[in-house]
Amino acid sequence: MGQSAGSLGAKLYCRKIFSEFEYKAAAVITDSYLGVFPDGQESIMYDFGGCNSDILNLPMRALCLLRQLTMGSVVQKSMRDYPEVPFVYIQSKIDLYQTSYYSALAVTLDEDPLITESQFYLMSQNLLQAFNEHSNFVLYLADGSTHTFTTLNKYYTSGAEGEKKRSENYLSLQEHIEQFIQFPEVVSSVCKGVVLSKKEAVAAVAAEEEGGPSVSNDYCLEELFPKLVHLSGSSK
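Since we're looking at a predicted model, the values are computed, not measured. (Residues numbered from 1 in each chain as written. Predicted model: local features only at pLDDT ≥ 70, side-chain atom pairs only at ≥ 80, totals over all residues. Heavy atoms only, no water.)

Here the focus is the state of the cysteines. Tallied over the full model, the rule gives two disulfides. Here cysteine 51 pairs with cysteine 64 through a disulfide, and the sulfurs are 2.0 Å apart. Disulfide cysteine 51-cysteine 64: torsion about the S-S bond near -75°, hence left-handed. Residue cysteine 51 is located in the loop between α2 (42–47) and α3 (58–65), and its partner cysteine 64 is located in helix α3; the two are separated by 13 residues in the primary sequence. Each of the two residues, cysteine 51 as well as cysteine 64, counts as buried. (Disulfide = S-S within 2.5 Å. Helix = DSSP H or I, 4+ residues; strand = E, 2+ residues; numbered from the N terminus. Buried < 20%, exposed > 50% of the residue type's maximum accessible area, 1.4 Å probe, protein only.)

Turning to the side chain of serine 189, a few remarks are in order. Among the structural elements, serine 189 can be located in the loop between β5 (186–188) and β6 (190–191). A distance of 2.9 Å separates a polar atom in the side chain of serine 189 from the backbone nitrogen of leucine 139. Residue contacts for serine 189: discarding those within four places in its chain leaves Phe137, Val138, Leu139, Phe225 and Lys227. (Polar contact = N/O pair within 3.5 Å; in protein donor to acceptor, adjacent residues only side chain to side chain. Contact = heavy atoms within 4.5 Å.)

It is worth spelling out the sheet that holds strand β1 (residues 2–3) at this point. Taken together, five strands build an open sheet; the order of strands is β1-β2-β3-β4-β6 and the sheet is parallel. The open sheet is flanked by β1 and β6, the only strands paired with a single partner. In terms of strand pairing, β1 meets strand β2 (residues 28–31) through two bridges, oriented parallel. By the bridge assignment, glutamine 3 is partnered in β2 with aspartate 31. Its contacts with the sheet place helix α7 (residues 173–182) against β2, β3 (87–92), β4 (137–142) and β6, and it is angled at close to 165° to β3. (Pairing = 2+ DSSP bridges. Axes fitted to C-alpha atoms, helices over the stretch in contact; angles between N-to-C directions.)

The next subject is the packing of aromatic side chains. Within this structure, the stated rule accounts for nine aromatic pairs. Here the aromatic rings of tyrosine 155 and tyrosine 156 are separated by 5.1 Å at their centres, their planes lie at 75°, and the arrangement is edge-to-face. Connected via pairs of aromatic rings, a cluster forms that spans Phe18, Tyr23 and Tyr82. (Phe/Tyr/Trp six-rings, centres within 6.5 Å; stacked < 30°, edge-to-face > 60°.)

Extensive coverage of β4 is indicated by the burial of six of its six residues. Residues Phe137, Leu139 and Leu141 line one face of β4 and the alternating positions Val138, Tyr140 and Ala142 line the opposite face, and both faces are buried. Bridging between β3 and β4 involves six bridges; their strand directions are parallel. Across the sheet, residue valine 88 finds its bridge partner in β4, namely valine 138. Strand direction decides the pairing type here: β4 and β6, joined by two bridges, are parallel. In the sheet register, tyrosine 140 faces β6, and the bridge partner there is valine 190.

Here it is in C-alpha cells:
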C-alpha cells in the first residue's frame, strides 16, 4: 500500500517485490495518486536517471532511454505480469493536490499549466479506462476533492459520496479495502453518480470550454462501471 507519492512507489516497486518474495495472496492498494501528467512526462524518468532502475526490464529500459516510457505503461505491464494480484485504486474525482501538481509539472515541462476540474476528471477517465481493460483492476472513486484517506481518521468515515459520507447503498472505503484481507471470490469497483458514456462526457467538457454550462463532475463513466473482479486467490 502507498499513499500520495508513495502510491506511485507502490505501483512501480510492486513488480520487484512480487519477483523476489513468495506469497499466497497479495494486493496492490494505491491511495490518491493516479498519475495524470501533462505532455512530456516521458522525459522525467530519463532526466532523473530512472532508466537504470532495476524495477524496469530490458524492453522498458530501452523505451525509457528513448524517452517513450510512461508511468501508466509500467503499471499496465505489472497488471499483465501478475494477473492473480488485484490492483486497487482509491481516488477522489477531483483531487486538488493532483491538479496542483499537474500545473507545477506543466510549468517545468514548458506546457500549459491551466487545467479545469472538468478537464482533470476527464483525463483521469482516459487513464482509468486503460487500466480497466485488465481483469485485476479495481477502482474506488469517491466524490469530492480529498487527497489521501488511508492513514487518516477519514478512512473510517468516508464512502462513495466523499469524505465523512458513508452510505448504506455503497460499501464504505474501509469495508472496500478490508475485502482484500479476506479475499472474497468477487469484488466490485465503486462509484456513485449519474452514468455517462465517454462520448457524453467529452461533449460536455468541450461545451464548457466553449463557454457553455459548467460540468458536474460527480458522474460515473459507463466504460468503468459496473466492474466485477474475480479474485483467484492463486498461490505463486
